[in-house]
Structures are given as structure tokens and as C-alpha cells.
Amino acid sequence: MIGNELSGVIVPIITPVDDEDRVDGPAFRKVIRYLIDSGVHGLFVGGSAGEGPLLDAKEWTRMVQIAFDENKGAVHLLGGVADTSTRRVKQKIRTLADNGYKNFVLTPTFYITLKSPDEHMRLFAECKEACGDMEMISYNIPSCTNSEIPVEVMREIAKRGWVRYCKESSGNMDYFRRLMSEGGEYGLKVFMGDEPCMAEALLAGAQGIVGV
């Protein structure tokens, strides 16, 4: 039985596909079983490593369904909802909820990027309203979104109780330490997602790592 707290090693799973860009179900299940048997604490489906934003809607849904079925509640299961608009993100949140997911990982929308703290707050507010009782996990990865979530936004959404966890993948340790200090005041727990920074982050008190 898994506990309620997210911690430890969470792996962002790759998504094997065939020559037609369809999810390779047997290969995907094999990856999931291998990771669970290896003792990881959680699986992150459809993140940047899993190329979730590149799959069409049908294959993205197949991906989350296969992962949920194969995991069978063995470890915490997180679904990535990265997309180009708030509306598309909210559709993915609803799909995850319909398929039994309890956690989703939210990046800033990309292509037309978020520029101001108010724009970031509006995204988090709309997704929080859409998610029901699901756990919303913030994900800062400016190398992919071209938009850094302001620390003051992270602090505010933690203060409001919208998020308890953040995956930080910028590789900026000054930013990470500010999240730990300012967000930690309101209970925010930070996972390090940038591999070169993982040892330093764990020594600084990170909740865990999310590394390929």
C-alpha cells in the first residue's frame, strides 16, 4: 500500500512508439514493470522525457490508460498535462481524472508563452478549479516552455493550498533555494528534476528527484 506523501525517486517514463507514432503497448508495459520492480517510488507519465505533448489525443489517452492499468496502484502515478493552451491542459486533466489518476503535473503553457505573474496565476487558478480533488503539482522547466514560473507565484499558490509539490528542472540552484525557503514557509516540497543538480539539491533538503 502506497502512502499519501510523494517523496523519493519518481521516474519520468519514456513512451515507446512504433513506426506510425502509436504507443507500443507491450514495450511500454515492460518499461513500467521494470521500474516498479526496481523499487522506484513513483512514475511520471507523459512528461517531456515521455514526449507527452507530441502524441495526438488518441495516443496520449492510450498512454495514460496503459500506464494506469499496468501500475495497478503499485506506486504513485503522475500524469503530465503540458500543452499549448489552458483549454487543452484542462481537457487533459479531465481525461486523467476519468481514468483514475490522482496526480497531475502542470507546466506553463507554451508556444504563446506566459509573461507575467498574473498570467501564471490565472493558469493555476483555472486548472485548480478544473481538477476537483486531484493533486496539482507545479513543474518549472523553462528550457521547454520558455517561461519560468515566478517564485512569488509558487509561494502564493502554496499559501492558498493549491499545490504541495513542485518539480524544479531549470538547473538554477539559486531559484531552487528560493523555492525551498519562500515556498517551504507554506509547506511547498520541491523535487529536483535537473540531473547535474540532484546531489546538491538532496543535500539542501529536496523532497526527492525526478530524473531520467
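Source: prediction; values computed, not measured. (Residues numbered from 1 in each chain as written. Predicted model: local features only at pLDDT ≥ 70, side-chain atom pairs only at ≥ 80, totals over all residues. Heavy atoms only, no water.)

A. Main features of the overall build of the protein chain. Across its full length, the protein chain holds 8 helices and 8 strands. Radius of gyration (C-alpha) of the protein chain: 16 Å, near the 17 Å computed for a compact globule of 212 residues. Along the longest, intermediate and shortest principal axes, the C-alpha atoms of the protein chain span 45 × 35 × 30 Å. The proportion of buried residues among the 212 residues of the protein chain is 49%. Partitioning the contacts of the protein chain with sequence separation of at least 6, the portion at a separation of at least 24 is 71%. Carbon and sulfur atoms make up 49% of the accessible area of the protein chain, which amounts to about 10200 Å² in all. Within the protein chain, one finds 24 positive and 30 negative side-chain charges whose respective centroids are separated by 4 Å. (Helix = DSSP H or I, 4+ residues; strand = E, 2+ residues; numbered from the N terminus. Rg over C-alpha atoms; globule rule 2.2 N^0.38 Å. Buried < 20%, exposed > 50% of the residue type's maximum accessible area, 1.4 Å probe, protein only. Contact = heavy atoms within 4.5 Å. Areas by Shrake-Rupley, 256 points an atom, 1.4 Å probe, with all protein chains shown as cover. Lys, Arg positive; Asp, Glu negative; His and termini not counted. Charge placed at Lys NZ, Arg CZ, Asp CG, Glu CD.)

B. Quick look at the pairing of strand 2 (residues 42-45). Of the two faces of strand 2, both are covered, the one formed by G42 and F44 as well as the one formed by L43 and V45. Of the pairings in the sheet, the one linking strand 1 (residues 8-12) to strand 2 comprises 3 bridges and is parallel in character. Of the residues in strand 2, the one forming a bridge with P12 is F44. This β-α-β element, strand 1 to helix 1 (residues 25-37) to strand 2, shows right-handed connectivity. Summarising the sheet, strand 2 and strand 3 (residues 76-80) pair through 4 bridges and their orientation is parallel. Along strand 3, the bridge assignment pairs F44 with L78. On the question of chirality, the crossover connecting strand 2 to the parallel strand 3 by way of helix 2 (residues 57-71) is right-handed. (Pairing = 2+ DSSP bridges. Right-handed = clockwise from strand over helix to strand, strands pointing away.)

C. Spotlight on the pattern of salt bridges. Counting across every chain of the model gives 14 salt bridges. Among the ionic pairs, R29 bridges to E70, the shortest N-O distance being 2.6 Å. Residue R29 is found in helix 1, and its partner E70 is found in helix 2; the two are separated by 41 residues along the sequence. Linking D174 and R177 is a salt bridge whose minimum nitrogen-to-oxygen distance equals 4.0 Å. One end of the pair, D174, and the other, R177, are both in helix 7 (residues 173-183), 3 residues apart, so they sit about a helical turn from each other. Taking the relative accessible area as the measure of exposure, D174 reaches 56% and is therefore exposed. Shared partners join several salt bridges into a network, and the residues in it are R29, R33, D69 and E70. (Salt bridge = Lys/Arg side-chain N within 4 Å of Asp/Glu carboxyl O.)

D. Layout of empty space enclosed by the protein. Counted according to the given criterion, the structure contains 1 cavity of 30 Å³ or more. By volume, the largest cavity amounts to about 60 Å³. The class makeup of the residues in the lining of the largest cavity is 8 nonpolar, no polar and 1 charged. (1 Å grid on protein atoms, 1.4 Å probe; cavity = no way out; pocket = protein on both sides within 12 Å on 5 of 7 lines; lining within 4 Å. Points joined across faces, edges and corners; volume = space filled by probe spheres on them. Nonpolar A, V, L, I, M, F, W, Y, C, P; charged D, E, K, R; others polar.)

E. The arrangement of the sheet that holds strand 1 in detail. Judged by pairing direction, the barrel is parallel, and its 8 strands sit side by side in the order 1-2-3-4-5-6-7-8 before closing back on the first. Across the sheet, helix 7 is in contact with strand 5 (135-140), strand 6 (163-168) and strand 7 (189-192); its angle to strand 7 comes to roughly 155°. (Axes fitted to C-alpha atoms, helices over the stretch in contact; angles between N-to-C directions.)

F. Focus on the environment of D21. Along the chain, the position of D21 falls in the loop between strand 1 and helix 1. With 34 residues separating them along the chain, D21 and L55 place their C-alpha atoms 7.6 Å apart. Contacts of D21, omitting those with residues within four sequence positions, involve L55 and E59.

G. Layout of the state of the cysteines. With the rule as written, the count across this model stands at 0 disulfides. Between C131, a free cysteine, and C127, which holds the nearest cysteine sulfur, the sulfur-to-sulfur gap is 8.1 Å. For C131, a relative accessible area of 4% gives the class buried. Free cysteine: C144, not disulfide-bonded; nearest cysteine sulfur from C166 at 15 Å. On the basis of relative accessible area, C144 is assigned to the partly exposed category, the value being 48%. (Disulfide = S-S within 2.5 Å.)

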